[in-house]
Amino acid sequence: MLSQSLVLARKLWPSWTDSRVERQLVRPPELLYAVEESPPPTVLVASAVQHVAVIAITLIFPLILGAEAGLNRLQFIDLVSLSMLAIGVSTILLCLRSAFIGCGYLCPACYTAIFLGPSLFALQHGGLPLVFGMTIVSGLVQVVIAPILRRLRALMPSEIAGLVIAIVGLALAALGVRYMLGITAQETVEPSYLVVSALSLAAMSALNVWGKGYPKMFCVLIGMAVGYIASAALGVLDFSSAMPPDGLPILRLPHLDHIGYRFDPIVLAPFIVAAFASTLRVMGDVTNCQRLNDKDWVRPNFGSLAGGVAGNGLATIFCGLAGTLGPNSYSSCIGLSAATGVTSRVIGYAVGIMYILLALVPAAAVLFAAMPKPVMGAALFFTAAFVFTSGMQMITARMLDARKTLVIGFSFAMAVMADVYQNVFMLAPAVLQPIVSNSLVLGTVCAVTLNLIMRLGIRQRVTLKLRQGENKREAIERLLSTQGARWAARREVINRAIFGAVQVVEVIGDPAGGAEIEASFDEYNLDLLIRYAGAPLLIPEKRPTRREILASDEGERLLAGYLLRQSADRIAARAIGNRAEIYLHYDH
Amino acid sequence: MRNDGLSITHSHVGPVCVVTLDGRIDSTNADDLMVHLKGLIDAGEKNVLVDLGAVLYLTSAAFRVLLVATDEAERNAARLALCSVIGQVRELFEMGGLVDAFTILGSREEALAQLD
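Bear in mind the structure is a predicted one, so any value in this text is a computation, not a measurement. (Residues numbered from 1 in each chain as written. Chains lettered and ligands numbered in written order. Predicted model: local features only at pLDDT ≥ 70, side-chain atom pairs only at ≥ 80, totals over all residues.)

**Q** Just to check I follow, could you spell out the overall build of chain A for this structure?
**A** For chain A, the helix and strand inventory stands at 24 helices and seven strands. Expressed as a percentage of its 588 residues, the buried residues of chain A come to 49%. (Helix = DSSP H or I, 4+ residues; strand = E, 2+ residues; numbered from the N terminus. Buried ≥ 20, exposed ≤ 12 C-beta atoms within 10 Å, placed from the backbone.)

Pasting the structure below:
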């Protein structure tokens, strides 16, 4: 039964049960504690507390949701406590090292602006139950996406991921300004809010630019503390408004009164976009973790990426069930572990447990629940700058040709237009409303559609005939090196393809009539098709033993097939009459 | 010696005979490598260190030669170790599950320090 399940899992989730041998990590010397190492208790606790503090800043997103939903005091405390519980569970799910769930690295979770926009959109359409229901749906989408990550790369390349992040940053900044100035429905401004937010934002910015060490690392937290003090001085801070009417117990199990679940396809599009954006961020963060822990890192390990995305998907489902916003992996925590050189996975578990325990302490929730709006606004506006610029960096990380320039330019403009000409877009047919009424969705849908259209005809192909008796290795190296440079293909991928083709040709020898190699390339794929007269290549799943390799040429051929299977991202061999074909695929 | 894509040179550092390979190793030059390594072992070298730092890739034929040479060294009460197994070459060793089939000793300096 178990073996049948594994066979089914292998078919359904090829990237999880990848037959390629997992690389052994080469520990970078600068790390104090690598992913598999356990630091002593003092280092463990101190590191975990730092991560808890950094993550705490992102509790602002559920707070905004609670403020917009108009929750009462007790419900607000419950929301904050449950958000702490959910972020603890999410962190553990993301860090787990198991066959299907978790990336296996210190990759803590946080709340994110990515889910805030869609959640506020759902809040308008159907209240909190719709937010929580659709968050669950978004988590399910991520769980479904996880096994097919490789195939989705063409759909969501890094520049489109960057565009999504940049649009999120813009939306965040707009919301931040509203909170900073206390802009009301009548478009009036609250002067005391302006003073508080200006002081808070100035503290955050100054510490970030001129600070060093911990003040720089915790600039947002310190800036928020400055905002709390200024709010208290100006009468904006009111802890009593956040206190439960019947006092504050030391420990309290959060209640689930505000939780309900609704589903509505009208708000599905923003949550699907959020699921994709969240997936891309997990991929970026987990890749960063992999690089951090492997001196010889060459390319992402998709098993770990898929586990991370599945973990984030389950975490999102849990957050929806627990009545809070969707989570995401947190780049700042990975930056923190890089800065401190402590990347032990066990710290992730400690962070998770700490948050689960904090969820039972209502005083911690009150501290956050009483956060004045101008302080929230300052933190939002500050983080928006980083979100926006990191999106821009992702957009420009690869060279932008005419095709990409149009995809990004048109889509970014459309996203802005959705907000500028909101009234005009409301005239669109009802069926298009889920797309055109939300800047994030409109921008993303535009980008994905234009990208697919503009990818038409970009695949390039070249064929090489290998004659009997010629030096085939030189011909293969010349062809792939020259074409690789023309195609601007990554050298590492070209080198793997050269090895693959040379290894195939070595095994097939010098067949009558020679052989033919067809190489085709687009931005994401390099494919080789090698045709020759003879029997198809054996591609064993198991490595031949040392004795087999040494005993005969057949053992060497089995090793060749095994090496080809391991080095290519996909491989297939077949016979066509008295000829044979071998197909090698390399992700680019 | 440079022959068909592979340069093979050797020098002595103390008691260690360092064989430096530069290029790619496949079926067209694997026999040359075998002859070279076997010649050193037959000549009585007891510590042979093969530096793969400048090798671009190696195919199954090369792996077989290295395995045969390792066995040959053991039969002659000698040691054959590899060093500078990095980048794509290291990946190939790992992909082939052959890391444990050889004595792999880090950089040339580290290897010499261990073999000295």
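**Q** Could you clarify how one ought to interpret the overall build of chain B in this entry?
**A** Helix and strand content of chain B: four helices and six strands. In chain B, the succession of α and β elements from N to C terminus is β-β-β-α-β-α-β-α-β-α. Buried positions account for 46% of the 116 residues belonging to chain B.

**Q** Help me understand the packing of helix H5 (residues 113-145) of chain A against helix H12 (residues 302-321) of chain A, please; the structure alone is not making it clear to me.
**A** When two helices pack together, you describe them by how their axes are tilted relative to each other and by the distance separating the axes. Residues and elements named next belong to chain A. Two elements in contact, H5 and H12, have axes separated by 7 Å at closest approach and are oriented at 165 degrees. If you check the angle between H5 and H12, you find them roughly antiparallel. When the axes of H5 and H12 are compared, the crossing they make is left-handed. Between H5 and H12, the residues in contact are Phe132, Gly133, Thr135, Ile136, Ser138, Gly139, Leu140, Gln142, Val143 and Ile145 and Val309, Ala310, Asn312, Gly313, Leu314, Thr316, Ile317, Cys319, Gly320 and Leu321, respectively. Here the residues of the contact of H5 with H12 sort into eleven nonpolar, nine polar and no charged. (Axes fitted to C-alpha atoms, helices over the stretch in contact; angles between N-to-C directions. Parallel < 35°, antiparallel > 145°, perpendicular 65-115°, else oblique. Left-handed = near helix turned anticlockwise from the far one by under 90°. Contact = placed C-beta atoms within 7 Å. Nonpolar A, V, L, I, M, F, W, Y, C, P; charged D, E, K, R; others polar.)

**Q** Help me understand the interface of chain B and chain A, please; the structure alone is not making it clear to me.
**A** How big an interface is tends to be stated in terms of accessible area lost as the parts join. At the interface, 22 residues of chain B touch 22 residues of chain A. Listing elements by their share of the side of chain B that touches chain A, those giving two or more residues are helix H2 (60-75) and helix H3 (87-95) of chain B. Counting residues per element, the side of chain B that touches chain A draws most heavily on H2(B), which supplies seven residues. A class-by-class count of the residues in the side of chain B that touches chain A yields eight nonpolar, eight polar and six charged.

**Q** What is the right way to read the sheet that holds strand E4 (residues 515-522) of chain A from this model?
**A** By definition, the strands of a sheet pair up through backbone hydrogen bonds, in either a parallel or an antiparallel sense. All names here are of chain A. Read across the sheet, five strands follow the order E3-E4-E5-E7-E6 without closing on themselves; strand pairing throughout is antiparallel. Edge strands, defined here as strands with exactly one partner in the open sheet, are strand E3 (460-466) and strand E6 (570-576). Ignoring which end each strand starts from, the neighbouring axes of this sheet average 15 degrees apart. Taken together, the seven bridges between E3 and E4 define a ladder with antiparallel strand orientation. By the bridge assignment for E4, Arg461 is matched with Ser520. Helix H22 (residues 491-508) rests against E3, E4, strand E5 (525-533) and strand E7 (579-587) of the sheet, and its axis sits at about 10 degrees to E5. (Pairing = 2+ DSSP bridges.)

**Q** In this structure, what is going on with the pairing of E7(A)? I would like to understand it.
**A** Note on strand geometry: in a regular strand, side chains alternate between the two faces of the sheet. Residues and elements named next belong to chain A. Side chains Ala580, Ile582, Leu584 and Tyr586 of E7 all project onto a buried face; the interleaved residues Arg579, Glu581, Tyr583, His585 and Asp587 project onto a face where none is buried. Across nine bridges, the pairing between E5 and E7 is antiparallel. Its bridge partner lying in E7, Asn525 is registered against Asp587. Summarising the sheet, E6 and E7 pair through seven bridges and their orientation is antiparallel. Bridge pairing in E7 links Arg574 to Glu581.

**Q** I tried to follow unusual backbone geometry on my own but got confused; where do I start?
**A** Glycine aside, residues mostly have negative phi, and peptide bonds are mostly found in the trans state. Positive phi is not limited to glycine here, since A:Ala488 has a value of about 60 degrees. Structurally, A:Ala488 can be placed in the loop between helix H21 (472-487) and H22. Owing to 11 C-beta atoms within 10 Å, A:Ala488 belongs among the exposed residues under this scheme. One non-glycine residue, B:Ser84, adopts positive backbone phi at about 55 degrees. Structurally, B:Ser84 is set in the loop between strand E5 (79-83) and H3. Here B:Ser84 falls in the buried class, since 24 other C-beta atoms lie within 10 Å of it.

**Q** What is the right way to look at the packing of helix H17 (residues 402-420) of chain A against helix H20 (residues 439-454) of chain A in this model?
**A** Residue and element names in this part refer to chain A. Relative to each other, H17 and H20 sit at 160 degrees, their axes nearing to 8 Å. The angle between H17 and H20 falls in the class roughly antiparallel. When the axes of H17 and H20 are compared, the crossing they make is right-handed. Taking contact as the criterion, the partners of Arg403, Leu406, Val407, Phe410, Ser411, Phe412, Met414, Ala415, Val416, Ala418 and Asp419 in H17 are, on H20, Ser439, Leu440, Leu442, Gly443, Cys446, Ala447, Leu450, Asn451 and Met454. Among the residues forming the contact of H17 with H20, the class breakdown is 14 nonpolar, four polar and two charged.

**Q** Looking at this model, I keep getting lost on the pairing of strand E4 (residues 47-58) of chain B. Mind explaining?
**A** Residues and elements named next belong to chain B. Judged by how many residues are buried, E4 sits mostly within the fold: nine of twelve residues are covered. Where strand E3 (residues 16-25) meets E4, eight bridges bridge the pair, whose relative direction is parallel. Looking at E4, one finds that Gly23 is bridged to Val55. In this view, the connection linking E3 to its parallel neighbour E4 by way of helix H1 (residues 30-42) has right-handed handedness. Here five bridges tie E4 to E5, and the two strands are oriented parallel to one another. In the sheet register, Asn47 faces E5, and the bridge partner there is Arg79. In this region the chain leaves E4, passes through H2 and returns to the parallel neighbour E5; the handedness of that crossover is right-handed. (Right-handed = clockwise from strand over helix to strand, strands pointing away.)

**Q** Is there a simple way to explain the environment of A:Ala364 in this structure?
**A** All names here are of chain A. Topologically, Ala364 is positioned in helix H15 (residues 362-369). For Ala364, a count of 19 C-beta atoms within 10 Å translates into the label partly exposed. Along the sequence, Ala364 and Val80 sit 284 residues apart, while their C-alpha atoms lie 8.7 Å from each other.

**Q** What am I meant to see in the environment of A:Val431 here?
**A** Residue and element names in this part refer to chain A. Here Val431 is to be found in the loop between helix H18 (422-425) and helix H19 (433-436). On the basis of neighbour count, Val431 is assigned to the exposed category, with 8 C-beta atoms found within 10 Å. Measuring from C-alpha to C-alpha, the distance between Val431 and Ile266 comes to 8.5 Å, with 165 residues separating the pair along the chain.

**Q** Is there a simple way to think about the nonpolar core in this case?
**A** Ranked by internal contacts, the top residues of the largest apolar core, which has 155 residues, are A:Val80, A:Val168 and A:Ala379. Among the elements that take part in this core, helix H7 (residues 158-181) of chain A stands out by supplying 15 residues, more than any other. Those residues in contact with A:Val80, other than ones at most four positions away along the chain, are A:Leu59, A:Pro62, A:Leu63, A:Ala365, A:Phe368 and A:Ala369. Core analysis: the second largest hydrophobic core is formed by 73 residues, A:Leu564, B:Ala62, B:Val65 and B:Val85 among them. (Core = buried A, V, L, I, M, F, W, Y, C linked by C-beta atoms within 7 Å.)

**Q** Could you clarify how one ought to interpret the confidence of the model for chain A in this entry?
**A** Detail in the predicted coordinates should be disregarded across regions flagged by low pLDDT. When the pLDDT values of chain A are averaged, the result is 88; 95% of them are 70 or greater. Within the model, the stretch residues 1-21 of chain A combines pLDDT values under 50 with 25 contacts to residues more than four positions away or in other chains. (pLDDT = per-residue confidence, 0-100.)

**Q** Quick question: what am I supposed to make of helix H10 (residues 219-234) of chain A here?
**A** Each α-helix turn comprises 3.6 residues. Residues three or four places apart therefore point the same way. Residue and element names in this part refer to chain A. Here H10 is 16 residues long and its end C-alpha atoms lie 22 Å apart, about the 22 Å a rise of 1.5 Å per residue gives. Within H10, the full set of buried residues consists of Cys219, Val220, Ile222, Gly223, Met224, Gly227, Tyr228, Ala230 and Ser231. Buried residues belonging to H10 abut helix H8 (191-210), helix H9 (213-217) and helix H16 (373-396). Gly235 occupies a position one or two residues after H10 and carries a positive phi of about 80 degrees. (Expected span 1.5 Å × (residues − 1).)

**Q** How should the confidence of the model for chain B be read in this particular structure?
**A** All names here are of chain B. In this model, chain B carries an average pLDDT of 93, and 97% of its residues clear a pLDDT of 70 or more. Within chain B, E5 carries the highest mean pLDDT (97), whereas strand E1 (residues 2-3) carries the lowest (54). Model confidence for the complex: the whole-complex pTM is 0.69, and ipTM, which rates the interface, is 0.93.

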